[in-house]
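Chain and residue survey
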2 protein chains.
Amino acid sequence: MFAAPAPADRELMIQAVGLAARIDRRPWPNPPVGAIVARDGEVIGRGAHQGPGTAHAEVLALREAGSRARGATLYCTLEPCNHQGRTPPCVPAVLASGVARVVVAVRDPNPTVAGGGLERLLDGGIAVTLGVCADDAIELIWPFVVTGAFVRPFVCLKTATSLDGRFAPAARRERAPVYVTSELARHEVHVLRRWSDVVLVGGETMRADAPRLDTRMVTSEDACPACDPIPAVATSGEPGDEWTGRRHVVFTNRRSLNPIPASSPEKSGQALRVVECDECEGGIDPASILERLAGLDAFTLLVEGGPRLAASFLEAGVVDRWVSYTAPVVLGSGPRWPDFAIGKEAVPDSISSPRPEIESGTVSFTLTRVARCGPDLKAVWDRVPFAATRDRLTDGSASQVPASGGGA
Amino acid sequence: MFAAPAPADRELMIQAVGLAARIDRRPWPNPPVGAIVARDGEVIGRGAHQGPGTAHAEVLALREAGSRARGATLYCTLEPCNHQGRTPPCVPAVLASGVARVVVAVRDPNPTVAGGGLERLLDGGIAVTLGVCADDAIELIWPFVVTGAFVRPFVCLKTATSLDGRFAPAARRERAPVYVTSELARHEVHVLRRWSDVVLVGGETMRADAPRLDTRMVTSEDACPACDPIPAVATSGEPGDEWTGRRHVVFTNRRSLNPIPASSPEKSGQALRVVECDECEGGIDPASILERLAGLDAFTLLVEGGPRLAASFLEAGVVDRWVSYTAPVVLGSGPRWPDFAIGKEAVPDSISSPRPEIESGTVSFTLTRVARCGPDLKAVWDRVPFAATRDRLTDGSASQVPASGGGA
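Residues numbered from 1 in each chain as written. Chains lettered and ligands numbered in written order. Predicted model: local features only at pLDDT ≥ 70, side-chain atom pairs only at ≥ 80, totals over all residues. Heavy atoms only, no water.

1. Here's the deal with the overall build of chain A
This is how it is decided: In DSSP terms, a helix is any run of H or I states spanning at least four residues, a strand is any run of E spanning at least two, and both are numbered starting from the N terminus. Exposure is judged per residue with a 1.4 Å probe applied to protein chains only, and the accessible area is read against the type maximum: over 50% gives exposed, under 20% gives buried, and values in between give partly exposed. Working rule for contacts: check all heavy atoms of both residues, and any pair within 4.5 Å makes them a contact. Note that accessible areas follow from Shrake-Rupley with a 1.4 Å probe, and for residues the cover is restricted to the protein chains shown.
Across its full length, chain A holds 11 helices and 16 strands. By residue count, 58% of the 408 residues in chain A fall in the buried class. Of the contacts made within chain A by residues no fewer than 6 positions apart, 73% connect residues no fewer than 24 positions apart. For chain A, the accessible surface area stands at approximately 16000 Å², while carbon and sulfur atoms represent 51% of it.

2. Observations concerning the side chain of N110 of chain B
All names here are of chain B. Along the chain, the position of N110 falls in the loop between β4 (101–106) and α4 (117–123). Since its relative accessible area comes to 15%, N110 is described here as buried. Beyond its immediate chain neighbours, meaning those up to four positions away, N110 contacts F144 and A149.

3. Let's talk about the nonpolar core
Using the following cut-off: Residues belong to a common nonpolar core when they are buried Ala, Val, Leu, Ile, Met, Phe, Trp, Tyr or Cys residues joined through side-chain atoms within 4.5 Å. What counts as a domain boundary in this text is fixed by an automatic or database domain assignment.
Grouped together as the largest cluster of nonpolar side chains are 78 residues, with contacts concentrated most on V37, L74 and V102 of chain B. At nine residues, helix α5 (residues 134–146) of chain B tops the list of elements feeding residues into this core. Looking at which domains feed residues into this core, each of domain 1 (7–140) and domain 2 (152–338 + 363–385) of chain B gives three or more. One finds A21, C76, V103 and F154 of chain A within the second-largest nonpolar core, a separate group that totals 77 residues.

4. Some details on the sheet that holds strand β13 (residues 300–303) of chain A
All names here are of chain A. Here is the rule we go by: Two strands pair under a simple rule: DSSP has to find at least two bridges between them. Lines are fitted to the C-alpha atoms to define the axes, a helix being fitted only along its stretch in contact, and any angle between axes, read from their N-to-C directions, falls within 0 to 180 degrees.
Pairing is mixed in the open sheet, where nine strands are placed in the order β10-β9-β8-β7-β13-β6-β14-β16-β15. Edge positions in the sheet fall to β10 (272–276) and β15 (366–373), since each has one partner strand and no second. Neighbour-to-neighbour, the strand axes of the sheet open up by a mean angle of 20°, direction not taken into account. Where strand β7 (residues 198–202) and β13 come together, three bridges link them in parallel fashion. Within the sheet, the bridge partner assigned to L200 lies in β13 and is V303. Against the sheet, helix α6 (residues 183–194) makes contact with β6 (154–161), β7, β13, β14 (321–326), β15 and β16 (376–382), and its axis sits at roughly 160° relative to β14, the strand it touches most.

5. Points about the domain arrangement of chain A
All names here are of chain A. The line we're drawing: Here the quantity called buried area is the accessible surface, traced with a 1.4 Å probe, that two parts lose on coming together, added over both.
Here chain A is partitioned into domain 1 (7–140) and domain 2 (152–338 + 363–385). Using C-alpha coordinates to define each centre, domain 1 is positioned 34 Å away from domain 2. With 12 residues of domain 1 at the contact, the number on the domain 2 side is 18 residues. Where domain 1 abuts domain 2, roughly 1100 Å² becomes buried across the two surfaces, and 55% of that area is made up of carbon and sulfur atoms.

6. Structural notes on empty space enclosed by the protein
To keep it simple, the criterion reads: The way it works is a 1 Å grid over only the protein atoms, where trapped points that fit a 1.4 Å probe form a cavity and open points with protein on both sides within 12 Å along at least five of seven lines form a pocket, and then any residue with an atom within 4 Å of a point lines it. Grid points are joined across faces, edges and corners, and a volume is the space filled by probe spheres set on the points. As a working rule, the residues Ala, Val, Leu, Ile, Met, Phe, Trp, Tyr, Cys and Pro are called nonpolar, Asp, Glu, Lys and Arg charged, and the rest polar, with Gly in that last group.
For the structure shown, the criterion picks out seven cavities of 30 Å³ or more. Here the largest cavity is characterised by a volume of approximately 360 Å³. Around the largest cavity, the lining is made up of 25 residues, and of these T161, L163 and T326 of chain A together with T161 and T326 of chain B lie nearest the centre. Taken together, the residues of the lining of the largest cavity sort by class into 12 nonpolar, 12 polar and one charged.

7. Some thoughts on the pairing of β13 of chain A
Residue and element names in this part refer to chain A. A two-sided burial pattern is seen for β13, the buried positions comprising T300 and L302 on one face and L301 and V303 on the other. With four bridges joining them, β6 and β13 adopt parallel strand pairing. In the sheet register, F154 faces β13, and the bridge partner there is T300.

8. Side note on unusual backbone geometry
A negative phi angle is the norm for most residues apart from glycine, just as the trans form is the norm for most peptide bonds. Residue and element names in this part refer to chain A. The amide bond that connects W28 to the next residue, P29, takes the cis arrangement and shows omega of 0°. Topologically, P29 is positioned in the loop between α1 (9–21) and β1 (34–39). One non-glycine residue, A149, adopts positive backbone phi at about 55°. With respect to the secondary-structure elements, A149 resides in the loop between α5 (134–146) and β6.

9. Regarding the packing of aromatic side chains
Residue and element names in this part refer to chain A. Short version of the rule: Between 30 and 60 degrees the pair is tilted, below 30 it is stacked and above 60 it is edge-to-face, where a pair is any two Phe, Tyr or Trp rings, Trp via its six-membered ring, whose centres lie within 6.5 Å. Placement of a positive charge over a ring is assigned whenever Lys NZ or Arg CZ falls within 6 Å of the ring centre and within 35 degrees of the normal to the ring plane.
Going through the model one piece at a time under the given rule, you end up with 17 aromatic pairs over all chains. What links up through ring pairs into an aromatic cluster is the set W28, F144, F150, W195 and F299. The side chain of R186 reaches across the aromatic face of Y179, ending 3.8 Å from its centre.

10. A short note on helix α3 (residues 90–97) of chain A
Residues and elements named next belong to chain A. Condition: Directions drawn from the helix axis to the C-beta atoms are what define this arc.
For α3, every residue scored as buried is listed here: C90, V91, V94 and S97. For α3, the angular spread of the buried residues around the axis is 125°, confining them to a single face. Contacts made by the buried residues of α3 are with α2 (57–65), β3 (73–78), β4 (101–106) and α4 (117–123). Downstream of α3 by a residue or two, G98 has a phi angle that is positive, lying close to 85°.

11. Observations regarding the environment of R10 of chain A
All names here are of chain A. Its place among the elements puts R10 in helix α1. Here R10 falls in the partly exposed class, since its relative accessible area comes to 44%. Along the sequence, R10 and C133 sit 123 residues apart, while their C-alpha atoms lie 6.4 Å from each other.

12. A short note on the pairing of strand β1 (residues 34–39) of chain B
Residues and elements named next belong to chain B. When you tally the buried positions in β1, you get five out of six residues, the bulk of the element. Bridge analysis of β1 against strand β2 (residues 42–48) gives six bridges, and the strand direction is antiparallel. What sits directly across from I36, in β2, is R46. The turn linking β1 back onto β2 is made up of two residues, and D40 within it adopts a positive phi angle of 55°. With four bridges joining them, β1 and strand β3 (residues 73–78) adopt antiparallel strand pairing. Within the sheet, the bridge partner assigned to A35 lies in β3 and is C76.

The following block contains the structure:
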């Protein structure tokens, strides 16, 4: 049914993935998509989707190729859409362009649309190849995939600990946080921030470290959106109005906490936005924070900061992806995981095999990727199994090692 | 100087590594060594060293090959020795055999011997290749390498934790430990035990779980010594005389604790051996345990069990290798790392870059290997950098990915 890939397909699809990643802003709730039109290995059209209401990547690439598209090959990181949304469906445009061949990384995971784009291309007499660079393409749209096209927000937890499970100690000088992990790991986190609408720390981290939560380590070589995330803190205490030096959000349970007006004109861009949330055992209820994200036009949340905030999100069962960095040091003391409640059942006799927790789906993850990150160990754990998702979205025709860079 | 490898070299050296690993007993304080003589790809001689006073692998392999060795190739997992020990040096035997070519995985790391084996072979007109399967070969002799040929015992720490750094909770039924990690991970640990002279748990683990500490999951396909390790417990409390059901050792600070005579003839093999050690802050001093190992003819120690025992060895600064398994579950409660003291200095402002701890060398490791182990994450951390050691022992002529199986 689907044609086998050609030798140059992988290289050209990697370029399409790169186009999808290097965008001006996060395209949520639409997925990032890149497309390339190539003829005899020469790229004659490029496109990247920039978000709702703007043209799709395939249409942009075909438009640039113009009449030269006839007989050429179209590379799409995602199955071309077959339904009328805010923009017309792409499949008719692909058929009308006269391309001879379409290479697609993954099927459209969106369960709410008609689908069948690939089948309609095949019916139109076009050779279709599926599954090229599938892992890289899925990585780009992972938040879109696991939330069911953002029916709810995507939550990524990032932790950085020592070998003995210690988080970084509090800063001892103003604005000089102690880092457990290497500069390379922190650079990766800055890229991760670019894929996130909101970056959240807890009140303890904010008061102890005053982290800037910016993306200053991102370089022009990093494939990620050009826009910064919104810094946020979850606290029942009083935040300083100059924290992060940028506009930020305070999730709090205190009605009395009012936005502090900027005291001088140059601070007007730094005004607080205070969002009232529910309380939970002395902290801010994560479920409540997630509910409020829609009001901030935010679909993806990166949870950073200390063990108490991380534990509250794990306890609430709302973490979709966990990116953990482990530094090759032993600290022996310092902040560590608090006790928290997972489910209501006691630990069973045997956690593994048959692992009741995994079957209940509340506290288990799957290991998507492990890698060195300089001297540190990086592991990516997902609640929705990555490999099984890839097999589903490529009809089982892809089996690659996941890319090390990329999306949230 | 050294000849480039031939196409079949890797496959034949892997066989030599397999011979070195499948031995009747651990050859400590000598290193495991395997050798093969091959002619036109056909193996005509095999040898594996079985320990002090027995023939070296090269000699055994050349003996089996006999006169057919003339013009053949000798594969050695370790540089042939050039000095008179308990057995004659191997280099003259290699020269006399008439082999045309010698392929060696790594140089002899032993700093106390003359060395120069490879150079003498070259002077004898033999073509020599260095660095084939170096990682697998170094893995075999790693305890020998990092301890300086067992000037002191080799200590391997094994931990198995949840994603939130919890150790397995105590057994709720007799002899039914709760496992955090998968069966595959536990199988690997059983192989690791075979490479260890003594396997140690703390008193809390012994009383809570009564672990068998055996190697029942080892199969005939596992390349490891055929002998079992000695189970041991470090405790200031009273051990049961039937713990593990086998002869075991109790490291204790109590003079009054006497060996309990076997109460029936069939238990005579299970008699306790009690070794008096120094105390440290309510526990048994790890340094003291290491000193007593020589009296047990033990060179390699595998530290298993709970967080308190692990912390005491880390605090003492005596862990050479740390094999950590992380299961994809979140427990939220249960045993976790205690606070312990590392060095006397407070945590510096920035742990990474320039990382004073790493430079002082007391609490840092390097990441040797990461891998999936079923659903779990396995990471091997070494105090002595593995890659740098490989480069040193191969004159920089090897650059392979470390093997996933193999020695302690």
